[in-house]
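Structural features, examined
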Amino acid sequence: MQIKLPSKHRFAGAKKQIKLLYDDLMQARKRPGNTMEIFFEDLVLTVFTNGMTMLMVLSSTRVNLALVRMTGKLVIANLAKEKF
Amino acid sequence: MNQDISGGLDTTRCPEIVKILSLGKRSGRLSLSNGSQSGSIFFRDGEIIHAQCGALQGAKAVYELAVWTSGEYRFSVDEMPDAVTVELSVDEILAEATNRIRQMDRVVSLIPSSTIVYSFDPEIKEKEIVLKSIQWKILSQIDGKKTIADVAQNTGLGVSDTMKVFYTLVKSGLLHEAYPSEAESPADMVDLPETPFMRALKDDLTKAIGPVAPFIIIETAQDMGLDLLADDLEQKAALIETISNKIPSETMSLQFLDTMTDWINTEEI
């Protein structure tokens, strides 16, 4: 399923924040799948970056975050067509 | 001065021969042999244009040959190479070679031969040891059986460079000379719990970083305060993820993560 939000949808305002987050993280990038976890009380946003791609996973803090990081690293590496 | 020359490296070391050939503006091939290895340096009008020693080529090969203290050499007039791999002047090469000889003299005082076998020291005294990737590369080859020369061949490094890395590892207390009774591998020296998870973790990590894997598992678990016997998915995932960050090669790290994620998905979820 794919949903394309209209530019006037209230979520569209997040674009600027997401872009800022990407710019911040790219400076600290060392390996594909470099991760950052941002905690919002009971939610956690796990962010993976690799080149032009950023993967964000929003989850409850009760999930196995190590497993989220492991899977995310593999996904971002595959998305960026890393050969391994 | 057109005749071939030959002699022993115990009386005249490679840099001295290079200097003589350079001053005489000679062209040809200087072949050296130390019994177990051989190499060549090619000259054109007194300048070094190509060198080879095992897998090494160019200036690195000259530096390797420069530290030999025994063996024989022979200069054959007008033999020319197929390739040109050296761009540096003879003076530049000799300056670096002299530097390396000085370093090797210090190394040889601790490690007298490349035929010595080293194994892990199970009683590491340092609280924290930071390793360079080249040290990791060498450590991953340590199994209590391979000689320094074997390790040099497997890693593609020169014997002298490999000996220098061994020197740093022995100095930091990570390795000690193996005795004949220590033929067992490091993996046998460390007691990991016999669980399916530990077996999978050890096997996959060994593929990534070699026989040092059990040490890394135990050290990481201790640092994280984890119980290796605990049947806890969260702990297992955290251990896998932390260990994957310690694998120097990005490719191997991702391969390890991939295999262990598959294992967890199959066995635990």
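Use the structure listed above.
A short tour of the structure in this document, coming up. Because the structure is a prediction, the values reported are computed rather than measured. (Residues numbered from 1 in each chain as written. Chains lettered and ligands numbered in written order. Predicted model: local features only at pLDDT ≥ 70, side-chain atom pairs only at ≥ 80, totals over all residues.)

Brief notes about the overall build of chain B
Helices and strands together make up the secondary structure of chain B, namely 11 helices and 8 strands. Within chain B, the proportion of its 269 residues that are buried is 34%. Partitioning the contacts of chain B with sequence separation of at least 6, the portion at a separation of at least 24 is 70%. (Helix = DSSP H or I, 4+ residues; strand = E, 2+ residues; numbered from the N terminus. Buried ≥ 20, exposed ≤ 12 C-beta atoms within 10 Å, placed from the backbone. Contact = placed C-beta atoms within 7 Å.)

Quick look at the environment of B:Ser140
Residue and element names in this part refer to chain B. Turning to its location among the elements, Ser-140 is positioned in the loop between helix 4 (133-139) and helix 5 (148-155). Through-space distance from the C-alpha of Ser-140 to that of Thr-206 is 8.6 Å; in sequence the pair is 66 residues apart. Contacts of Ser-140, omitting those with residues within four sequence positions, involve Ile-209, Gly-210 and Val-212.

What to know about the nonpolar core
Residue and element names in this part refer to chain B. Membership of the largest hydrophobic core comes to 45 residues, with the highest contact counts inside it found for Phe-166, Leu-169, Leu-175, Leu-205, Ile-209, Ile-216 and Ile-240. Built from parts of two domains, this core gets at least three residues from each of domain 2 (118-182) and domain 3 (186-267). Here Phe-166 is in contact with Ile-111, Tyr-118, Ile-138, Ile-148 and Leu-175, once residues within four sequence places are set aside. If you look at the next biggest cluster of nonpolar residues, it comprises 28 residues, including Ile-17, Leu-21, Leu-65 and Ile-93. (Core = buried A, V, L, I, M, F, W, Y, C linked by C-beta atoms within 7 Å. Domains from an automatic or database assignment.)

What to know about helix 2 (residues 65-79) of chain A
Counted at 1.5 Å a residue, the expected span for helix 2 of chain A with its 15 residues is 21 Å, and the 20 Å between its end C-alpha atoms agrees. Every buried residue belonging to helix 2 of chain A is among A:Leu65, A:Leu67, A:Arg69, A:Met70, A:Thr71, A:Lys73, A:Leu74, A:Ile76 and A:Ala77, and all of these are buried. Packed against the buried residues of helix 2 of chain A are strand 1 (34-40), strand 2 (43-50) and strand 3 (53-60) of chain A together with helix 10 (233-246) and helix 11 (250-267) of chain B. (Expected span 1.5 Å × (residues − 1).)

Here's the deal with the interface of chain A and chain B
How big an interface is tends to be stated in terms of the accessible area lost upon association of its parts. Contacts between the two partners involve 12 residues from chain A and, on the opposite side, 13 residues from chain B. Taken together, the residues that form the side of chain A that touches chain B break down as 6 nonpolar, 2 polar and 4 charged. (Nonpolar A, V, L, I, M, F, W, Y, C, P; charged D, E, K, R; others polar.)

As for unusual backbone geometry
Across the chain, the bulk of peptide bonds are trans and the bulk of non-glycine residues have phi less than zero. Unlike most non-glycine residues, A:Glu41 shows phi in positive territory, near 55°. Mapped onto the elements of the fold, A:Glu41 is located in the loop between strand 1 and strand 2. Within the chain, B:Asp78 stands out as a residue other than glycine whose phi angle is a positive 70°. Along the chain, B:Asp78 turns up in the loop between strand 6 (72-77) and helix 3 (90-110).

Quick word on the sheet that holds strand 1 of chain A
Residue and element names in this part refer to chain A. Overall, antiparallel pairing links the 3 strands, which are arranged 1-2-3 in an open sheet. Either end of the sheet is taken by a strand with one partner, and the two such strands are strand 1 and strand 3. Across the sheet, the mean angle from the axis of one strand to that of its neighbour is 20°, orientation sign disregarded. Bridge count between strand 2 and strand 3: 8 bridges; the pairing is antiparallel. Counterpart to Thr-49 in the pairing with strand 3 is Met-54. Against the sheet, helix 2 makes contact with strand 1, strand 2 and strand 3, and its axis sits at roughly 30° relative to strand 2, the strand it touches most. (Pairing = 2+ DSSP bridges. Axes fitted to C-alpha atoms, helices over the stretch in contact; angles between N-to-C directions.)

A word on the packing of helix 1 (residues 14-23) of chain B against helix 3 of chain B
Residue and element names in this part refer to chain B. The geometry of helix 1 relative to helix 3 is characterised by a closest axis approach of 11 Å and an angle of 165° between their N-to-C directions. Relative to helix 3, the element helix 1 is oriented roughly antiparallel. Here the hand of the crossing between helix 1 and helix 3 comes out left-handed. The segment helix 1 lies against helix 3, with Pro-15, Val-18, Lys-19 and Ser-22 engaging Val-90, Leu-94, Ala-97 and Thr-98. A per-class count over the contact of helix 1 with helix 3 returns 5 nonpolar, 2 polar and 1 charged. (Parallel < 35°, antiparallel > 145°, perpendicular 65-115°, else oblique. Left-handed = near helix turned anticlockwise from the far one by under 90°.)

Details of the sheet that holds strand 3 (residues 38-44) of chain B
Residue and element names in this part refer to chain B. The antiparallel open sheet is built from 6 strands, whose spatial order is 1-6-2-3-4-5. Either end of the sheet is taken by a strand with one partner, and the two such strands are strand 1 (5-8) and strand 5 (56-57). In this sheet, strand 5 lies alongside strand 4 (residues 47-53) in antiparallel orientation, the contact comprising 2 bridges. Paired with Cys-53 across the strands is Leu-56, a residue of strand 5. Here helix 1 sits on the sheet in contact with strand 2 (28-33), strand 3 and strand 6, set at roughly 170° to strand 2. Seen against the sheet, helix 2 (residues 59-66) touches strand 2, strand 3, strand 4 and strand 5 and runs at an angle of roughly 75° to strand 4.

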